[in-house]
Amino acid sequence: MTITLNWAILGAGNISSQFVYDLLLNNDRETEYHHVIKSIGCSNSEKGQEFIKNNKITAERNFDVTPVTQSYNELYKNSEIDVVYIGTPHNFHFKQAIACLENGKHVLCEKPITVNRKEAEKIFQVAKKNGRFCMEAVWTRFFPAIKELKRKVYQEKVIGDVHRLFADFSYEGDVENLPLTSRVRDRSLAAGSLLDIGIYPITYSRILLDDYVGEKATKFEHKSFLTIDKNDLVDHLASILIKYKDGKQALLTSSELVDGPKAYVRLEGSRGWVEMYSDNPARAKHFKIFGKEGKEVYEYKDNSGYNGFIYEANAVANDIHNGKLENEIMPHAESLLVMGVMDDIRKENGLTYDQD
Ligand SMILES: NC(=O)c1ccc[n+]([C@@H]2O[C@H](COP(=O)([O-])OP(=O)(O)OC[C@H]3O[C@@H](n4cnc5c(N)ncnc54)[C@H](OP(=O)(O)O)[C@@H]3O)[C@@H](O)[C@H]2O)c1
(Lines give C-alpha, C1' and ligand atoms only; values in the text may rest on other atoms or scores of the structure.)
Protein backbone atom coordinates (compact mmCIF):
# COMPACT_ATOMS: atom_id res chain seq x y z
CA MET A 1 0.00 0.00 0.00
CA THR A 2 1.21 3.50 -0.85
CA ILE A 3 0.83 6.41 1.54
CA THR A 4 1.10 9.86 -0.03
CA LEU A 5 1.71 12.96 2.05
CA ASN A 6 1.93 16.50 0.69
CA TRP A 7 4.46 18.56 2.66
CA ALA A 8 5.19 22.23 3.08
CA ILE A 9 8.52 23.18 4.58
CA LEU A 10 8.33 26.33 6.68
CA GLY A 11 11.74 28.02 6.95
CA ALA A 12 14.48 27.43 4.38
CA GLY A 13 17.35 26.98 6.80
CA ASN A 14 19.74 24.44 8.26
CA ILE A 15 17.45 21.78 9.68
CA SER A 16 14.89 22.02 6.89
CA SER A 17 17.67 21.07 4.43
CA GLN A 18 18.55 18.00 6.46
CA PHE A 19 14.89 17.00 6.72
CA VAL A 20 14.25 17.43 3.01
CA TYR A 21 17.37 15.36 2.22
CA ASP A 22 15.71 12.34 3.82
CA LEU A 23 12.35 12.82 2.10
CA LEU A 24 14.06 12.95 -1.28
CA LEU A 25 16.32 9.97 -0.59
CA ASN A 26 13.18 8.04 0.37
CA ASN A 27 11.58 9.08 -2.93
CA ASP A 28 14.70 8.03 -4.87
CA ARG A 29 14.42 4.60 -3.25
CA GLU A 30 10.79 4.17 -4.31
CA THR A 31 9.42 3.08 -0.95
CA GLU A 32 5.74 2.78 -0.08
CA TYR A 33 5.83 6.35 1.30
CA HIS A 34 5.38 9.14 -1.22
CA HIS A 35 6.64 12.31 0.47
CA VAL A 36 5.75 15.10 -1.93
CA ILE A 37 7.29 18.51 -1.21
CA LYS A 38 4.72 20.97 -2.49
CA SER A 39 5.75 24.27 -0.97
CA ILE A 40 8.72 26.03 0.59
CA GLY A 41 7.50 28.73 2.97
CA CYS A 42 10.16 31.34 3.20
CA SER A 43 10.90 34.94 4.18
CA ASN A 44 11.74 35.69 0.55
CA SER A 45 11.19 33.90 -2.71
CA GLU A 46 14.81 34.08 -3.90
CA LYS A 47 15.96 32.29 -0.78
CA GLY A 48 13.26 29.67 -1.35
CA GLN A 49 14.44 29.12 -4.93
CA GLU A 50 18.02 28.72 -3.69
CA PHE A 51 16.78 26.16 -1.17
CA ILE A 52 15.07 24.17 -3.93
CA LYS A 53 18.22 24.30 -6.06
CA ASN A 54 20.72 23.55 -3.29
CA ASN A 55 18.69 20.64 -1.98
CA LYS A 56 18.06 19.25 -5.48
CA ILE A 57 14.27 19.17 -5.14
CA THR A 58 13.57 18.26 -8.73
CA ALA A 59 10.30 17.01 -10.25
CA GLU A 60 12.00 13.64 -10.96
CA ARG A 61 12.64 13.10 -7.27
CA ASN A 62 9.32 14.58 -6.12
CA PHE A 63 6.53 12.76 -7.98
CA ASP A 64 6.58 15.22 -10.90
CA VAL A 65 6.04 18.16 -8.59
CA THR A 66 8.21 21.26 -8.57
CA PRO A 67 7.57 22.98 -5.25
CA VAL A 68 6.37 26.57 -5.15
CA THR A 69 7.99 29.14 -2.92
CA GLN A 70 5.49 31.01 -0.81
CA SER A 71 5.32 33.53 1.99
CA TYR A 72 4.35 31.97 5.31
CA ASN A 73 0.85 33.45 4.96
CA GLU A 74 0.41 31.98 1.47
CA LEU A 75 1.61 28.62 2.77
CA TYR A 76 -0.99 28.62 5.58
CA LYS A 77 -3.74 29.08 2.96
CA ASN A 78 -2.40 26.55 0.43
CA SER A 79 -5.12 23.90 0.14
CA GLU A 80 -2.78 21.38 -1.53
CA ILE A 81 -0.77 20.84 1.64
CA ASP A 82 -1.48 18.11 4.18
CA VAL A 83 1.28 18.74 6.70
CA VAL A 84 3.74 21.49 7.52
CA TYR A 85 7.25 20.83 8.80
CA ILE A 86 8.26 23.83 10.93
CA GLY A 87 12.03 24.40 10.90
CA THR A 88 12.46 27.88 12.36
CA PRO A 89 14.00 28.94 15.71
CA HIS A 90 12.01 27.89 18.79
CA ASN A 91 10.45 31.29 19.55
CA PHE A 92 8.56 31.29 16.24
CA HIS A 93 7.03 27.81 16.60
CA PHE A 94 4.06 28.92 18.73
CA LYS A 95 2.64 31.43 16.28
CA GLN A 96 3.50 29.42 13.18
CA ALA A 97 2.13 26.10 14.47
CA ILE A 98 -1.13 27.74 15.50
CA ALA A 99 -1.48 29.45 12.12
CA CYS A 100 -0.96 26.11 10.35
CA LEU A 101 -3.45 24.27 12.56
CA GLU A 102 -6.10 26.96 12.32
CA ASN A 103 -5.80 26.77 8.54
CA GLY A 104 -6.43 23.04 8.57
CA LYS A 105 -2.84 21.79 8.25
CA HIS A 106 -1.30 18.97 10.23
CA VAL A 107 1.98 19.94 11.92
CA LEU A 108 5.38 18.40 12.57
CA CYS A 109 7.24 21.05 14.56
CA GLU A 110 10.95 21.05 15.36
CA LYS A 111 12.06 20.69 18.95
CA PRO A 112 11.59 22.29 21.36
CA ILE A 113 7.98 22.64 20.26
CA THR A 114 7.77 25.96 22.10
CA VAL A 115 9.74 28.01 24.60
CA ASN A 116 7.71 26.80 27.59
CA ARG A 117 5.02 24.34 28.59
CA LYS A 118 2.26 26.93 28.66
CA GLU A 119 2.71 27.63 24.93
CA ALA A 120 2.87 23.91 24.08
CA GLU A 121 -0.43 23.31 25.91
CA LYS A 122 -2.07 25.98 23.80
CA ILE A 123 -0.77 24.49 20.52
CA PHE A 124 -2.11 21.06 21.42
CA GLN A 125 -5.49 22.57 22.39
CA VAL A 126 -5.69 24.26 19.00
CA ALA A 127 -4.68 21.01 17.26
CA LYS A 128 -7.44 19.08 19.02
CA LYS A 129 -10.02 21.78 18.41
CA ASN A 130 -9.23 21.75 14.69
CA GLY A 131 -8.96 17.96 14.50
CA ARG A 132 -5.41 18.12 13.15
CA PHE A 133 -2.38 15.91 13.85
CA CYS A 134 0.43 17.65 15.73
CA MET A 135 3.79 16.32 16.90
CA GLU A 136 7.03 17.76 18.26
CA ALA A 137 9.81 16.50 15.96
CA VAL A 138 11.79 14.56 18.55
CA TRP A 139 13.32 12.44 15.78
CA THR A 140 15.65 10.57 18.17
CA ARG A 141 12.75 8.52 19.50
CA PHE A 142 11.99 7.07 16.04
CA PHE A 143 15.34 5.56 15.10
CA PRO A 144 15.35 1.75 14.70
CA ALA A 145 18.47 1.78 16.92
CA ILE A 146 16.33 2.96 19.85
CA LYS A 147 13.81 0.17 19.39
CA GLU A 148 16.61 -2.39 19.19
CA LEU A 149 18.42 -0.95 22.22
CA LYS A 150 15.27 -1.04 24.32
CA ARG A 151 14.63 -4.63 23.23
CA LYS A 152 18.14 -5.70 24.25
CA VAL A 153 18.03 -3.85 27.56
CA TYR A 154 14.46 -4.34 28.72
CA GLN A 155 13.38 -7.60 27.06
CA GLU A 156 16.64 -9.56 26.81
CA LYS A 157 18.00 -7.78 29.90
CA VAL A 158 21.54 -8.05 28.52
CA ILE A 159 22.95 -5.57 31.04
CA GLY A 160 20.90 -6.91 33.96
CA ASP A 161 19.12 -4.39 36.16
CA VAL A 162 19.50 -0.84 34.84
CA HIS A 163 20.84 1.58 37.45
CA ARG A 164 22.39 4.66 35.90
CA LEU A 165 22.58 6.75 32.73
CA PHE A 166 25.10 9.35 31.59
CA ALA A 167 23.90 11.32 28.55
CA ASP A 168 25.48 14.37 26.98
CA PHE A 169 25.02 16.69 24.01
CA SER A 170 27.94 19.08 23.77
CA TYR A 171 29.96 20.81 21.10
CA GLU A 172 32.64 23.45 21.14
CA GLY A 173 30.78 26.31 19.49
CA ASP A 174 33.28 29.16 19.84
CA VAL A 175 30.42 30.99 21.52
CA GLU A 176 32.32 34.11 22.57
CA ASN A 177 33.13 34.87 18.93
CA LEU A 178 29.56 34.40 17.71
CA PRO A 179 27.53 37.59 17.24
CA LEU A 180 24.88 38.27 19.89
CA THR A 181 22.30 37.95 17.08
CA SER A 182 23.24 34.28 16.49
CA ARG A 183 20.55 31.66 17.23
CA VAL A 184 23.00 30.25 19.79
CA ARG A 185 23.23 33.54 21.71
CA ASP A 186 20.13 35.62 21.03
CA ARG A 187 17.77 35.46 24.01
CA SER A 188 14.92 36.79 21.85
CA LEU A 189 15.36 33.62 19.70
CA ALA A 190 15.15 31.56 22.94
CA ALA A 191 18.86 30.67 22.74
CA GLY A 192 20.52 28.50 25.37
CA SER A 193 21.94 24.99 25.46
CA LEU A 194 19.10 23.56 27.55
CA LEU A 195 16.34 24.20 25.01
CA ASP A 196 18.50 23.67 21.94
CA ILE A 197 20.48 20.54 22.80
CA GLY A 198 19.88 19.74 26.50
CA ILE A 199 16.48 18.48 25.41
CA TYR A 200 18.26 15.41 23.93
CA PRO A 201 19.96 14.12 27.11
CA ILE A 202 16.60 14.63 28.84
CA THR A 203 14.99 12.66 26.00
CA TYR A 204 17.52 9.84 26.44
CA SER A 205 16.66 9.66 30.13
CA ARG A 206 13.00 9.46 29.22
CA ILE A 207 13.66 6.77 26.59
CA LEU A 208 16.19 4.65 28.47
CA LEU A 209 15.02 4.88 32.08
CA ASP A 210 11.29 4.68 31.52
CA ASP A 211 9.32 2.31 29.33
CA TYR A 212 6.31 4.63 29.39
CA VAL A 213 5.58 7.99 27.81
CA GLY A 214 3.32 10.93 28.51
CA GLU A 215 0.47 10.39 30.92
CA LYS A 216 1.77 6.94 31.89
CA ALA A 217 5.34 8.18 32.58
CA THR A 218 7.03 6.93 35.73
CA LYS A 219 7.56 9.67 38.34
CA PHE A 220 11.01 11.21 38.75
CA GLU A 221 12.70 14.08 40.55
CA HIS A 222 15.31 16.43 39.14
CA LYS A 223 17.90 19.01 40.23
CA SER A 224 20.00 21.19 37.98
CA PHE A 225 22.64 23.85 37.36
CA LEU A 226 22.76 26.26 34.41
CA THR A 227 25.72 28.59 33.95
CA ILE A 228 24.30 31.82 32.55
CA ASP A 229 26.59 33.83 30.26
CA LYS A 230 27.01 37.40 31.50
CA ASN A 231 26.86 38.89 27.99
CA ASP A 232 24.03 37.06 26.26
CA LEU A 233 22.20 36.01 29.48
CA VAL A 234 21.50 32.43 28.34
CA ASP A 235 23.03 29.09 29.37
CA HIS A 236 25.84 27.46 27.42
CA LEU A 237 26.51 24.87 30.12
CA ALA A 238 23.85 22.75 31.81
CA SER A 239 23.88 19.78 34.22
CA ILE A 240 20.79 17.92 35.35
CA LEU A 241 20.40 15.08 37.86
CA ILE A 242 17.40 12.80 37.66
CA LYS A 243 16.17 10.18 40.09
CA TYR A 244 13.31 7.84 39.24
CA LYS A 245 11.12 6.54 42.04
CA ASP A 246 12.59 3.03 41.61
CA GLY A 247 16.07 4.45 42.35
CA LYS A 248 17.50 4.69 38.82
CA GLN A 249 19.53 7.85 38.26
CA ALA A 250 20.70 9.94 35.30
CA LEU A 251 23.38 12.59 34.96
CA LEU A 252 22.57 14.73 31.92
CA THR A 253 24.75 17.46 30.47
CA SER A 254 24.77 19.89 27.57
CA SER A 255 27.24 22.51 26.45
CA GLU A 256 28.08 24.82 23.60
CA LEU A 257 31.50 25.56 25.16
CA VAL A 258 33.24 22.19 25.14
CA ASP A 259 33.07 18.96 23.17
CA GLY A 260 31.51 16.00 24.95
CA PRO A 261 32.66 12.39 25.34
CA LYS A 262 32.77 10.12 22.28
CA ALA A 263 30.33 7.76 23.99
CA TYR A 264 27.66 10.40 24.51
CA VAL A 265 25.35 7.87 26.17
CA ARG A 266 26.48 5.32 28.74
CA LEU A 267 23.74 3.21 30.27
CA GLU A 268 24.89 1.06 33.19
CA GLY A 269 23.35 -2.09 34.59
CA SER A 270 24.21 -4.85 37.05
CA ARG A 271 25.71 -7.08 34.30
CA GLY A 272 27.23 -4.62 31.83
CA TRP A 273 26.74 -1.32 30.04
CA VAL A 274 25.74 0.27 26.74
CA GLU A 275 27.64 2.98 24.87
CA MET A 276 26.18 5.05 22.03
CA TYR A 277 28.29 6.91 19.46
CA SER A 278 27.43 9.53 16.84
CA ASP A 279 28.69 12.67 15.15
CA ASN A 280 25.43 14.17 16.47
CA PRO A 281 24.00 12.84 19.74
CA ALA A 282 20.46 13.35 18.47
CA ARG A 283 21.16 10.77 15.74
CA ALA A 284 20.81 7.38 17.42
CA LYS A 285 22.58 5.18 14.91
CA HIS A 286 25.31 3.19 16.61
CA PHE A 287 25.63 1.43 19.94
CA LYS A 288 27.68 -1.29 21.58
CA ILE A 289 26.90 -3.44 24.56
CA PHE A 290 29.64 -4.58 26.93
CA GLY A 291 29.52 -7.40 29.47
CA LYS A 292 30.69 -7.02 33.04
CA GLU A 293 34.33 -7.84 32.21
CA GLY A 294 34.35 -5.18 29.46
CA LYS A 295 33.93 -7.67 26.61
CA GLU A 296 31.88 -6.34 23.69
CA VAL A 297 28.83 -8.59 23.36
CA TYR A 298 26.71 -6.77 20.78
CA GLU A 299 26.96 -3.99 18.22
CA TYR A 300 24.23 -2.22 16.23
CA LYS A 301 24.84 0.17 13.33
CA ASP A 302 22.27 1.94 11.18
CA ASN A 303 23.80 2.03 7.70
CA SER A 304 20.62 3.21 5.98
CA GLY A 305 22.22 6.35 4.52
CA TYR A 306 19.40 8.52 5.86
CA ASN A 307 20.09 11.43 8.19
CA GLY A 308 17.38 9.83 10.29
CA PHE A 309 14.48 12.24 9.80
CA ILE A 310 12.74 9.71 7.57
CA TYR A 311 11.78 7.60 10.58
CA GLU A 312 9.68 10.36 12.14
CA ALA A 313 8.39 11.47 8.71
CA ASN A 314 7.10 7.95 7.98
CA ALA A 315 5.54 7.77 11.45
CA VAL A 316 3.73 11.04 10.74
CA ALA A 317 2.56 9.69 7.36
CA ASN A 318 1.17 6.55 9.01
CA ASP A 319 -0.62 8.52 11.73
CA ILE A 320 -2.19 11.01 9.35
CA HIS A 321 -3.18 8.18 7.01
CA ASN A 322 -4.87 6.43 9.95
CA GLY A 323 -6.65 9.58 11.12
CA LYS A 324 -4.70 9.89 14.36
CA LEU A 325 -4.26 13.26 16.02
CA GLU A 326 -1.12 12.38 17.96
CA ASN A 327 1.69 9.86 17.81
CA GLU A 328 1.98 7.14 20.42
CA ILE A 329 5.81 7.27 20.57
CA MET A 330 5.84 11.06 21.00
CA PRO A 331 2.37 11.99 22.32
CA HIS A 332 1.40 15.51 23.36
CA ALA A 333 1.71 14.59 27.04
CA GLU A 334 5.37 13.60 26.57
CA SER A 335 6.15 16.99 24.99
CA LEU A 336 4.36 18.67 27.88
CA LEU A 337 6.27 16.59 30.42
CA VAL A 338 9.68 17.50 28.94
CA MET A 339 8.74 21.16 28.44
CA GLY A 340 7.62 21.22 32.09
CA VAL A 341 10.97 19.79 33.24
CA MET A 342 12.81 22.44 31.21
CA ASP A 343 10.55 25.16 32.70
CA ASP A 344 11.49 23.89 36.20
CA ILE A 345 15.20 23.85 35.36
CA ARG A 346 15.08 27.40 34.04
CA LYS A 347 13.16 28.54 37.12
CA GLU A 348 15.66 26.84 39.42
CA ASN A 349 18.45 28.77 37.69
CA GLY A 350 16.85 32.14 36.96
CA LEU A 351 16.65 31.84 33.18
CA THR A 352 13.54 33.45 31.74
CA TYR A 353 12.35 34.28 28.25
CA ASP A 354 9.76 36.89 27.25
CA GLN A 355 7.27 34.06 26.55
CA ASP A 356 7.22 33.17 30.28
N1 LIG B 1 16.29 17.90 14.99
C2 LIG B 1 17.51 18.38 15.13
O3 LIG B 1 18.47 17.65 15.31
C4 LIG B 1 17.72 19.84 15.03
C5 LIG B 1 18.97 20.34 14.65
C6 LIG B 1 19.11 21.73 14.49
C7 LIG B 1 18.03 22.56 14.77
N8 LIG B 1 16.85 22.02 15.17
C9 LIG B 1 15.71 22.89 15.49
O10 LIG B 1 15.26 23.46 14.27
C11 LIG B 1 14.88 24.81 14.47
C12 LIG B 1 15.63 25.67 13.46
O13 LIG B 1 17.01 25.54 13.63
P14 LIG B 1 18.02 25.85 12.42
O15 LIG B 1 19.38 25.54 12.92
O16 LIG B 1 17.53 25.21 11.19
O17 LIG B 1 17.84 27.43 12.32
P18 LIG B 1 18.29 28.44 11.20
O19 LIG B 1 18.91 27.74 10.04
O20 LIG B 1 19.10 29.50 11.87
O21 LIG B 1 16.91 29.11 10.77
C22 LIG B 1 15.91 28.40 10.10
C23 LIG B 1 14.96 29.38 9.44
O24 LIG B 1 14.28 30.13 10.43
C25 LIG B 1 14.08 31.48 10.00
N26 LIG B 1 14.83 32.37 10.88
C27 LIG B 1 16.05 32.17 11.41
N28 LIG B 1 16.43 33.23 12.16
C29 LIG B 1 15.42 34.12 12.09
C30 LIG B 1 15.20 35.41 12.64
N31 LIG B 1 16.10 36.00 13.43
N32 LIG B 1 14.03 36.03 12.37
C33 LIG B 1 13.10 35.45 11.58
N34 LIG B 1 13.25 34.21 11.03
C35 LIG B 1 14.39 33.57 11.28
C36 LIG B 1 14.62 31.55 8.57
O37 LIG B 1 13.54 31.24 7.74
P38 LIG B 1 13.46 31.74 6.20
O39 LIG B 1 14.22 30.70 5.44
O40 LIG B 1 12.01 31.75 5.92
O41 LIG B 1 14.10 33.08 6.13
C42 LIG B 1 15.64 30.42 8.57
O43 LIG B 1 15.94 29.92 7.30
C44 LIG B 1 15.18 25.14 15.94
O45 LIG B 1 13.99 25.08 16.69
C46 LIG B 1 16.12 24.03 16.39
O47 LIG B 1 15.96 23.66 17.75
C48 LIG B 1 16.67 20.70 15.29
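Residues numbered from 1 in each chain as written. Predicted model: local features only at pLDDT ≥ 70, side-chain atom pairs only at ≥ 80, totals over all residues. Heavy atoms only, no water.

- Going by an unreviewed UniProt entry, the protein chain carries the name D-xylose 1-dehydrogenase (NADP(+), D-xylono-1,5-lactone-forming) and comes from Candida theae.

Focus on helix α1 (residues 14–28)
Part 1: Over its 15 residues, α1 runs 22 Å from end to end, which matches the ideal 21 Å to within 8%, given 1.5 Å per residue.
Part 2: By the burial criterion, the buried members of α1 are Ser16, Phe19, Val20, Asp22, Leu23, Leu24, Leu25, Asn26 and Asn27.
Part 3: Trailing α1 by a residue or two, Glu30 shows a phi angle of about 55°, which is positive. (Helix = DSSP H or I, 4+ residues; strand = E, 2+ residues; numbered from the N terminus. Expected span 1.5 Å × (residues − 1). Buried < 20%, exposed > 50% of the residue type's maximum accessible area, 1.4 Å probe, protein only.)

A look at a nonpolar patch on the surface
Part 1: On the surface, a nonpolar cluster with roughly 220 Å² of combined accessible area is contributed by Leu237, Leu257 and Val258.
Part 2: Following the sequence through the fold, Leu257 ends up in the loop between β10 (249–255) and β11 (263–269). (Patch = residues over 30% accessible without salt bridge, like charges linked within 9 Å, V, L, I, M, F, W, Y side chains within 5 Å. Areas by Shrake-Rupley, 256 points an atom, 1.4 Å probe, with all protein chains shown as cover. Salt bridge = Lys/Arg side-chain N within 4 Å of Asp/Glu carboxyl O.)

A word on helix α2 (residues 45–54)
Part 1: Within the span of α2, buried status applies to Gly48, Phe51 and Ile52. The arc enclosing the buried residues of α2, seen along the axis, measures out at 95°, which places them on a common side. When the buried face of α2 is taken as reference, the exposed residues oriented beyond 90 degrees from it are Glu46, Lys53 and Asn54.
Part 2: Contacts from the buried residues of α2 go to β1 (3–10), α1, β2 (33–41) and β3 (68–70).
Part 3: Where α2 begins, the capping side chain belongs to Asn44, and its oxygen is found 3.1 Å from the backbone nitrogen of Glu46.
Part 4: Downstream of α2 by a residue or two, Lys56 has a phi angle that is positive, lying close to 55°. (Arc of directions from axis to C-beta. Contact = heavy atoms within 4.5 Å. Polar contact = N/O pair within 3.5 Å; in protein donor to acceptor, adjacent residues only side chain to side chain.)

What to know about the site of the ligand
Part 1: The local shell around the ligand holds 24 residues, among which Ala12, Ser43, Lys47, Tyr72 and Lys111 are the closest.
Part 2: One nitrogen or oxygen atom from the side chain of Ser43 is found 2.5 Å from an oxygen atom belonging to the ligand.
Part 3: For the ligand, an oxygen atom lies 2.7 Å from a polar atom in the backbone of Lys111.
Part 4: In the complex, the protein chains occlude 78% of the 890 Å² of accessible area that the ligand would expose alone. (Near = heavy atom within 4 Å.)

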